[in-house]
Amino acid sequence: EPEVTQTPSHQVTQMGQEVILRCVPISNHLYFYWYRQILGQKVEFLVSFYNNEISEKSEIFDDQFSVERPDGSNFTLKIRSTKLEDSAMYFCASSSRKGVDETQYFGPGTRLLVL
Amino acid sequence: LAKTTQPISMDSYEGQEVNITCSHNNIATNDYITWYQQFPSQGPRFIIQGYKTKVTNEVASLFIPADRKSSTLSLPRVSLSDTAVYYCLVWGSARQLTFGSGTQLTVLP
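One structure accompanies this document, and this report is about it. Just so it is clear, the structure is predicted and the values come from calculations on it, not from any experiment.

Focus: the packing of aromatic side chains
One pass over the structure, following the stated rule, counts 17 aromatic pairs over all chains. Centre to centre, the rings of Y33(A) and Y35(A) are 6.4 Å apart; their planes meet at 40 degrees, and the pair counts as tilted. Take Y33(A) and Y35(A): they sit in the same class, and that class is buried. One aromatic cluster is present, built from ring pairs that chain together Y33(A), Y35(A), F45(A), Y105(A), F106(A), Y36(B), F46(B), Y87(B) and F99(B). When the ring centre of Y51(B) is taken as origin, the NZ or CZ atom of R68(B), which lies over that ring, is 3.9 Å away.

Focus: unusual backbone geometry
Cis geometry is adopted by the peptide bond preceding P8(A), which originates at T7(A) and carries an omega value of -10 degrees. Positive phi outside glycine occurs at S41(B), with the angle close to 60 degrees. Among the structural elements, S41(B) can be located in the loop between strand 3 (32-38) and strand 4 (45-50). Although it is not a glycine, R77(B) adopts a positive phi angle of roughly 45 degrees. Residue placement: R77(B) occurs in the loop between strand 7 (70-75) and strand 8 (84-91). On the basis of relative accessibility, which here comes to 64%, the residue R77(B) falls in the exposed class.

Quick word on the pairing of strand 2 (residues 18-23) of chain B
Residues and elements named next belong to chain B. What you see with strand 2 is a clean split: V18, I20 and C22 sit on the buried side and N19, T21 and S23 on the side with no burial. Direction of pairing for strand 2 relative to strand 7: antiparallel, over a ladder of six bridges. The residue bridging V18 from the neighbouring strand is L75, located in strand 7.

Some words on the environment of V47(A)
All names here are of chain A. Relative to the elements of secondary structure, V47 occurs in strand 5 (residues 43-50). Looking at V47, the relative accessible area reads 0%, which means it is buried. Not counting residues up to four positions away in its chain, the partners in contact with V47 are F32, Y33, W34, I54, E56, K57, F61 and V67.

Some details on the pairing of strand 11 (residues 110-114) of chain A
All names here are of chain A. Judged by which residues are buried, strand 11 turns out to be one-sided: T110, L112 and V114 face inward and are buried, whereas R111 and L113, on the alternate face, are not. Inspection of the sheet shows strand 2 (residues 10-13) paired to strand 11 by four bridges, in the parallel sense. By the bridge assignment, Q11 is partnered in strand 11 with L112. Strand direction decides the pairing type here: strand 9 (residues 88-95) and strand 11, joined by three bridges, are antiparallel. Bridge pairing links A88 to L112 in strand 11.

Notes on the pattern of salt bridges
All names here are of chain A. Applying the stated criterion across every chain, the model contains one salt bridge over all chains. Here E44 makes a salt bridge to R36, at a shortest N to O gap of 3.2 Å. Relative accessible area serves as the criterion here: at 25%, E44 is assigned to the partly exposed category. R36 sits in the buried class, given a relative accessible area of 10%.

Considering the side chain of S48(A)
Secondary-structure assignment places S48(A) in strand 5. Classification of S48(A) by relative accessible area gives buried; the value is 2%. Setting aside chain neighbours within four positions, we find S48(A) in contact with F32(A), Y33(A), E53(A), I54(A), S55(A), E56(A) and R95(B).

Details of the sheet that holds strand 8 (residues 75-79) of chain A
All names here are of chain A. The antiparallel open sheet is built from four strands, whose spatial order is 1-3-8-7. Two strands bound the open sheet, and with one partner strand each, they are strand 1 (5-7) and strand 7 (65-68). Put simply, the sheet's adjacent strands are angled 20 degrees from each other on average, direction ignored. Bridge count for strand 7 against strand 8 is four bridges, and the pairing is antiparallel. Its bridge partner being in strand 8, F65 is matched across the sheet by I79.

Cut-off values and rules
- Residues numbered from 1 in each chain as written.
- Chains lettered and ligands numbered in written order.
- Predicted model: local features only at pLDDT ≥ 70, side-chain atom pairs only at ≥ 80, totals over all residues.
- Heavy atoms only, no water.
- Phe/Tyr/Trp six-rings, centres within 6.5 Å; stacked < 30°, edge-to-face > 60°.
- Buried < 20%, exposed > 50% of the residue type's maximum accessible area, 1.4 Å probe, protein only.
- Lys NZ or Arg CZ within 6 Å of the ring centre and 35° of its normal.
- Helix = DSSP H or I, 4+ residues; strand = E, 2+ residues; numbered from the N terminus.
- Pairing = 2+ DSSP bridges.
- Contact = heavy atoms within 4.5 Å.
- Salt bridge = Lys/Arg side-chain N within 4 Å of Asp/Glu carboxyl O.
- Axes fitted to C-alpha atoms, helices over the stretch in contact; angles between N-to-C directions.

Structure, rendered in structure tokens:
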């Protein structure tokens, strides 16, 4: 069964450093998403991406964040200058099409710890 | 976005059927109802989705009454490995999924 994969599984970084989280969506999917979950809290939407541009973004997704699809398979989330409060699990998701019966499939997540 | 309300927690025993009900009083005409399961430190896993009446797949059933203001996820014969958080979500025109706090299901031996 196809699945979303994410690397690395864990990332530790110093405050102020840049991090790039990587995702390989399911191969025939066209819509890509990033969510995050701070420990003990709800899963929160960050951004959706379609046709090489951002479709929607939340208030969390400020100028420190960016997304990119550098090639035909990877989808990345970059945090330019990490803050302590960026520590969270980051989940990538993908879906095949917009509209009826669309399902978002999530990856296993990257645990980011900012020190 | 339609707000959902579901129990914070539920306990069950192995082999029992578990029903988790979610209310979504302000669901819109174009909205679908989706349930996800999440284990600690893992990504949400899609379980089932429906629009109305009943939907069944290999792991669960979803019952949606005619007014669509609620839905019930039914897990037949749960096992210890079904211990997880279960999320009811309503989504429509917006691409983003809005997760609530979910229902922590604990299956006891």
